[in-house]
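Coordinate inspection notes
Listed here are the chains, written in short residue letters.
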Amino acid sequence: ASAMPWVWIQIGPAPRPKEVTSRLLKALVGSFQKGALYELTDQVIAELTASPHIVVIDEAQNLDKDGLDQIRLVHDVTNDGFPLFFVGGISCAQTIASDPQLEDRVGGWCRFEPITGAELFTTLDVYHPFFAATDRHIIAELDRQYANGIFRRWSRILKNGLQLAAGSTTPDRINPQVVRALLATLQREQQ
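None of these values were measured; they are calculated from a predicted model.

In this section: the overall build of the protein chain. Helix and strand content of the protein chain: 10 helices and three strands. Secondary structure of the protein chain in N-to-C order comes out as β-α-α-β-α-β-α-α-α-α-α-α-α. In terms of overall size, the protein chain is more extended than a compact globule, its C-alpha atoms giving a radius of gyration of 21 Å where 191 residues would be expected to give roughly 16 Å. If one aligns the C-alpha atoms of the protein chain with their principal axes, the spans along those axes are about 60 × 35 × 30 Å. Of the contacts formed within the protein chain by residues at least 6 apart in sequence, a portion of 60% connects residues at least 24 apart.

It is worth spelling out the packing of helix α2 (residues 37-50) against helix α3 (residues 65-77) at this point. Two elements in contact, α2 and α3, have axes whose closest approach is 9 Å; the angle formed by their N-to-C orientations is 45°. Classed by the angle they form, the pair α2 and α3 counts as oblique. Pair α2 / α3 crosses with right-handed handedness. Along the contact surface, α2 presents L37, T41, V44, I45 and L48, while α3 presents Q70, L73, V74 and V77.

Before going further, it helps to spend a moment on the packing of aromatic side chains. In total, this model carries four aromatic pairs according to the counting rule given. Arranged with centres 6.1 Å apart and planes meeting at 20°, the rings of Y127 and F131 form a pair that is stacked. Taken together, the aromatic side chains of Y127, F130, F131, F151 and W154 make up a single cluster linked through ring pairs. Taking NZ or CZ as reference, R153 lies 5.9 Å from the ring centre of Y146, over its face.

This paragraph deals with the sheet that holds strand β3 (residues 84-87). Taking strand neighbours across the sheet as the criterion, the three strands line up as β1-β2-β3 in an open arrangement whose pairing is parallel. In this open sheet, the two strands that pair with only one neighbour each are β1 (6-10) and β3. Along the sheet, successive strands turn relative to each other by an average axial angle of 15°, direction set aside. For β1 and strand β2 (residues 54-58), the ladder comprises five bridges, and the chain directions are parallel. Within the sheet, the bridge partner assigned to W8 lies in β2 and is V56. Where helix α1 (residues 17-29) meets the sheet, its contacts fall on β1 and β2, and the angle it forms with β1 comes to roughly 145°.

Applying the stated rule across the entire model yields 10 salt bridges. In this structure, E141 and R144 form a salt bridge, with 2.6 Å as the shortest nitrogen-oxygen distance. Pair noted here: E141 and R144 are both in helix α8 (residues 136-147), with a separation of three residues, about one helical turn. E141 gets classed as partly exposed once you look at its relative accessible area, which sits at 26%. Overall, the relative accessible area of 57% leaves R144 in the exposed class. What emerges from the salt-bridge pattern is a single network uniting K65, D69, R72 and D99.

The rules we used
- Residues numbered from 1 in each chain as written.
- Predicted model: local features only at pLDDT ≥ 70, side-chain atom pairs only at ≥ 80, totals over all residues.
- Heavy atoms only, no water.
- Helix = DSSP H or I, 4+ residues; strand = E, 2+ residues; numbered from the N terminus.
- Rg over C-alpha atoms; globule rule 2.2 N^0.38 Å.
- Contact = heavy atoms within 4.5 Å.
- Axes fitted to C-alpha atoms, helices over the stretch in contact; angles between N-to-C directions.
- Parallel < 35°, antiparallel > 145°, perpendicular 65-115°, else oblique.
- Left-handed = near helix turned anticlockwise from the far one by under 90°.
- Phe/Tyr/Trp six-rings, centres within 6.5 Å; stacked < 30°, edge-to-face > 60°.
- Lys NZ or Arg CZ within 6 Å of the ring centre and 35° of its normal.
- Pairing = 2+ DSSP bridges.
- Salt bridge = Lys/Arg side-chain N within 4 Å of Asp/Glu carboxyl O.
- Buried < 20%, exposed > 50% of the residue type's maximum accessible area, 1.4 Å probe, protein only.

Structure below.
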């Protein structure tokens, strides 16, 4: 864990540099600011220079060359004064690799694989007491039928499972009746 503060922005499809900059500035100061791109860029640079933050850009695969250039500019002008994380789907690495100047600055790559076996149980036990209280065979069944070791899916299971279990005889864990309702709910959400 780091004592440095962090900001997280989620990138929508094909954002322009001004949108990327505006979202980052909003994450830093708490509200959207008006101005030309160069003014917003100067504000972001001033904020990150005065108070470095860890910057997490989620759905980074949506950035195009102009968006990547903008993020690289901000990072370079602050003299690499803040850690920058690009997070995204399978094409995220391809997006970053498409910009040789940015790829050259990458300090490391981390690929997350599905969680399996005993590691799945251990991870879920630490993630939330709701999972720690749930029988292992129920966890294994939910993983087989829905999650497939993908952590994002386990967050959906947690959200929906807590709601469904609240009205059951075992509100602290998933029981077989909750499993059926939970799988039906998750299948409806996917449609």
